[in-house]
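What follows is the residue order along each chain.
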Amino acid sequence: SIPLPQRETWQKYSAQAFSSKEEFEFQKETVRHVETSLARSLYNCDELAAYAGASLAIRDRLVISWNKTQQHQTFVDQKRLYYLSLEFLMGRTLDNAMLNTGVKSIAKDGLGELGFRIEDVLEQEHDAALGNGGLGRLAACFLDSLATLNYPAWGYGLRYRYGIFKQEIVDGYQVEVPDYWLSFNPWEFPRFDITVDIMFYGNGKQCTSWEGGEIVQAVAYDVPIPGFGTSVTNNLRLWSSKAASGEFDFQKFNSGDYESAVADEQRAETISAVLYPNDNLDRGKELRLKQQYFWVAASLHDIVRRFKKSRRPWKEFSEQVAIQLNDTHPALAIVELQRLLIDTEGLEWDEGWDIVTQTFGYTNHTVLPEALEKWSVPLFQNLLPRHLQIIYDINLFFLQSVEKRFPKAISIIEESTPKSIRMAFLAIIGSHKVNGVAELHSDLIQTTIFKDFVKIFGPDKFTNVTNGITPRRWLHQANPRLSELIASKVGGLGFLKDLTLLSELENYVDDKDFKREWMEIKYANKVRLAKHIKSANGVTVNPSALFDIQVKRMHEYKRQQLNIFGVIHRYLTIKAMTPEERKKVVPRVSIFGGKAAPGYWMAKTIIHLINCVGNIVNKDKDIGDLLKVIFLEDYNVSKAEIICPASDISEHISTAGTEASGTSNMKFVLNGGLIIGTCDGANEVEDLRHKHFYGKHELDPDLRRVFDEIEKGAFGPPEGFSALINSVTVHGDYYLVSDDFRSYIQTHALVDEAYKDQDEWAAKTIMSVARMGFFSSDRCIQDYAESIWNIEPSTFEA
Ligand code: OX2
């Protein structure tokens, strides 16, 4: 830091906290950045340069509050939350940054006068897509709420060079294209001075030591996270891997061994190179374990270093630090902290373990067996020998403490060949609280996969924190007109910070003018999506038709196949109608979107079927506007911001008991859409599967007709779809598509009927929005803060 005598000079020139919004010279700053930071001029400033200039202008303001927030938090030294997530699905930043700092209208007018439409400028930004789906987007919503509620909190993640792949549809098939998103990213700050050396492999045979491994360097990149209507700006720290400094390149270069010098460097950089594109699926790959340890070790080193600066005794660690594990991906943090405490800091095992268990909380996001992480013991032994010893000790002490009451079923080590480490069990044993993400899901984990642990630790260790979404991005930013209309009735924009104020809308369900405006806005949002569909798919859709949307990762358990089978049924039904009967049909646009994991063959088959059906239906003159089938390419956060405001209904039809929570359901309802959802009764599922197994299930005749059409080749060569049909008819219908088909069709018939009464429909959607208050991620974060983290809001003010 600057020596005391010079500080006065320094402070004289130090950037002031936010000049008021009105004084923000947006245009001057933008033009200055275009000319000096980008070395462009008014003769060659295109939309991308305007985006860059505007971003840098806004960023300057953000950075000042960010620095001050961090200085304040260091000075006050209150308890902080650290949110460890391998995924942060942030989407775009500029629009959000302008809204959160309250300068959007200044920027809009300013850009207009400079010759740009703000919408076109915002379109230039590449999504930060460091996540797969709901789990990663939840982490992003949490960061927004943590900052908005002034909580002192940091996110820790990996700075993937490639985010989730871009999806292209070629001849109806998904093709993956790498997502290199870092060519211009004004929102990250490399901290080349903040590095941590991370060790792998080596020798951990002697107890209490670990030596002689391979070292990779972690470099910090920081991203400012502004809160809405507050000057608190938190930090998201992402780690990037690089070859450890020094010796290697010189020695190898000097001896002429260029290739292996470069190979070492590349091996190191590979660790943070790419996000694993699997949603709800664990593949147990060594590189993934390397990513996990690399990120967890760097983050813990950072957290411990910050704690040690305060010179407090170790027993105060968990009074200063709360760490939340976003699923089991960071569960190694439990082992790493214990290792640091006993091997490096010299604490006794029990002393260390108390600190560890008081520090961590674990959130479970799934009960799907294929998603529960396990690591092969031999693989783990090789990569992290000392950590394996510690896991064995944790397990031993745990099993001893429960006195043989629960044999093998609760051991962290599964007696498979080879043996494997159950990360969820490690996470439970090493945390003081375990939570599920919705009421039903939390009950389910306590009565099924974790029931023995509830008996051992007692029910208080297990709790529910229902997921939520940030109304800033998912209403105010995505649907500004609806946000303004709501504001006009509920006393201003305050509802964006207290979503329960939406309940005031219940008073307007019979208000004619309000309803008209409400429906007009929905229509305008459908027009916007129709335009996108026209330009992306080349298909004209009628914005007055009922928009039926299912967008989410492609997965058999999410049952996009049930949806497309239903669409085919609808198509066949319309085809069989007389012209008179067709006049009564409610026109519909069935919209799908979502990525399939590159290795998930069945999910890719479903995408192909949807596109093939669209090809036939959309060209069929008999059908016209009565049915259109659209697959939207490359579903991501910025597309969701256009899609969610445009639904009449959206589909959330996973097999009962499989979807932990879902969060897009909340986005659709908050934007005035109704939803079709599975009535969750996880108990019946096993009975139904049993019936399939013993051939006691008869296929619904309408579903049979759908399969017959596919098998006749009505949508293209049928061989391509036989596995999909066989999964239902031959292989036991694990996802119960045939069981739910009838009631699914009936529900859609109810939807059609309901849609005919537009006045009633408007009332239903208004009532639904009015009751969405609970589903704000602010409520969710407050729950975590009070019941798990025990943290208080910061007192920082600019
Ligand atoms: C998802 C769950 O599938 C989804 O139901 C939930 O809403 C979301 O997490 C946020 O809690 N990977 N993704 C999820 O779980 C896992 C594992």
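Naming follows an unreviewed UniProt entry, where the protein chain appears as Alpha-1,4 glucan phosphorylase of Glutinoglossum americanum. The heading Function (unreviewed entry) in the UniProt record of the protein chain holds the text "Allosteric enzyme that catalyzes the rate-limiting step in glycogen catabolism, the phosphorolytic cleavage of glycogen to produce glucose-1-phosphate, and plays a central role in maintaining cellular and organismal glucose homeostasis." Of the comments in the UniProt record for the protein chain, the one headed Cofactor (unreviewed entry) reads "pyridoxal 5'-phosphate".

J.: Any details on the domain arrangement of the protein chain? Residues and values, ideally.
T.: The domain boundaries assigned to the protein chain delineate domain 1 (1-76 + 93-124), domain 2 (77-92 + 127-466 + 782-789) and domain 3 (539-761). On a C-alpha basis, the centroid separation for the pair domain 2 and domain 3 is 36 Å. Opposite the 33 residues of domain 2 that make contact, domain 3 presents 27 residues. For the side of domain 2 that touches domain 3, the secondary-structure elements that each account for two or more residues are β2 (88-91), α7 (134-148), β5 (166-170), β6 (173-177) and α17 (439-447). No other element matches β5, which puts four residues into the side of domain 2 that touches domain 3. In the side of domain 2 that touches domain 3, the residues fall into 13 nonpolar, 13 polar and seven charged.

J.: With reference to specific residues and values, describe the site of the ligand.
T.: Around the ligand, 17 residues are found, and the nearest of them are G134, L135, H365, A660 and S661. Summarising the domain contributions, the shell around the ligand has at least three residues from each of domain 2 (77-92 + 127-466 + 782-789) and domain 3 (539-761).

J.: Provide a residue-level description of the pairing of β6, including the pertinent values.
T.: Inspection of the sheet shows β5 paired to β6 by five bridges, in the antiparallel sense. The residue bridging I169 from the neighbouring strand is Q174, located in β6. A loop of two residues connects β5 with β6, the two strands running antiparallel in sequence, and D171 in this loop sits at a positive phi of about 50°.

J.: Break down the confidence of the model for the protein chain for me, with residues and values.
T.: Looking at the protein chain as a whole, its pLDDT mean stands at 96, while 98% of the residues score no less than 70. Predicted complex metrics record ipTM = 0.99 and pTM = 0.98.

J.: Could you give an account of helix α24 (residues 601-617), with specific residues and numbers?
T.: Look at α24: 24 Å from first C-alpha to last across 17 residues, which is about the 24 Å you get at 1.5 Å a residue. Counting buried positions along α24 yields twelve of 17 residues, so the element is predominantly enclosed. Regarding α24, the residues found buried are A603, T605, I606, I607, H608, L609, I610, N611, C612, V613, G614 and V617. Looking at the buried side of α24, the elements it contacts are β5, β6, α22 (560-575), β18 (588-593), β19 (627-632) and α29 (722-729).

J.: Got a sec to walk through the sheet that holds strand β13 (residues 413-414)? Specific residues and values, please.
T.: Pairing in this open sheet of three strands is antiparallel, and the strands run β12-β14-β13 from one edge to the other. Strands with a single pairing partner mark the edges of an open sheet, and in this sheet they are β12 (374-376) and β13. Looking at chain direction, β12 and strand β14 (residues 420-422) are connected through three bridges and run antiparallel. Considered in β14, the bridge of S376 is made with S420.

J.: How would you sum up the nonpolar core? Please name residues and give values.
T.: With 187 residues, the main nonpolar core has F294, A333, I334, L426 and V613 as its most contacted residues. Here this core spans two domains, and each of domain 2 (77-92 + 127-466 + 782-789) and domain 3 (539-761) adds at least three residues to it. One finds F24, F26, A49 and I58 within the second-largest nonpolar core, a separate group that totals 24 residues.

J.: Any details on the environment of M772? Residues and values, ideally.
T.: By the secondary structure assignment, M772 is in the loop between α31 (758-770) and α32 (777-789). According to the C-beta neighbour criterion, M772 is buried, with 21 such atoms within 10 Å. Between the alpha carbons of M772 and K252 there is a distance of 62 Å; along the sequence they are 520 residues apart. Look past the residues within four positions of M772 in its chain and what remains in contact with it is L499, L502, V669 and L670.

J.: Can you tell me about the packing of helix α10 (residues 286-309) against helix α12 (residues 332-344), naming the residues and giving the values?
T.: Taken N-terminus to C-terminus, the directions of α10 and α12 make an angle of 50°; their axes are 9 Å apart at the nearest point. Looking at the two axes, α10 sits oblique to α12. Crossing hand, α10 versus α12: right-handed. Mapping the contact onto sequence places Q292, Y293, V296, A297, L300 and V304 in α10 and L332, A333, E336, L337 and L340 in α12. Classifying every residue of the contact of α10 with α12 gives nine nonpolar, one polar and one charged.

The rules we used
Residues numbered from 1 in each chain as written. Predicted model: local features only at pLDDT ≥ 70, side-chain atom pairs only at ≥ 80, totals over all residues. UniProt positions renumbered as here; feature names shortened; annotations may be inferred. Domains from an automatic or database assignment. Contact = placed C-beta atoms within 7 Å. Helix = DSSP H or I, 4+ residues; strand = E, 2+ residues; numbered from the N terminus. Nonpolar A, V, L, I, M, F, W, Y, C, P; charged D, E, K, R; others polar. Near = placed C-beta within 6 Å. Pairing = 2+ DSSP bridges. pLDDT = per-residue confidence, 0-100. Expected span 1.5 Å × (residues − 1). Buried ≥ 20, exposed ≤ 12 C-beta atoms within 10 Å, placed from the backbone. Core = buried A, V, L, I, M, F, W, Y, C linked by C-beta atoms within 7 Å. Axes fitted to C-alpha atoms, helices over the stretch in contact; angles between N-to-C directions. Parallel < 35°, antiparallel > 145°, perpendicular 65-115°, else oblique. Left-handed = near helix turned anticlockwise from the far one by under 90°.

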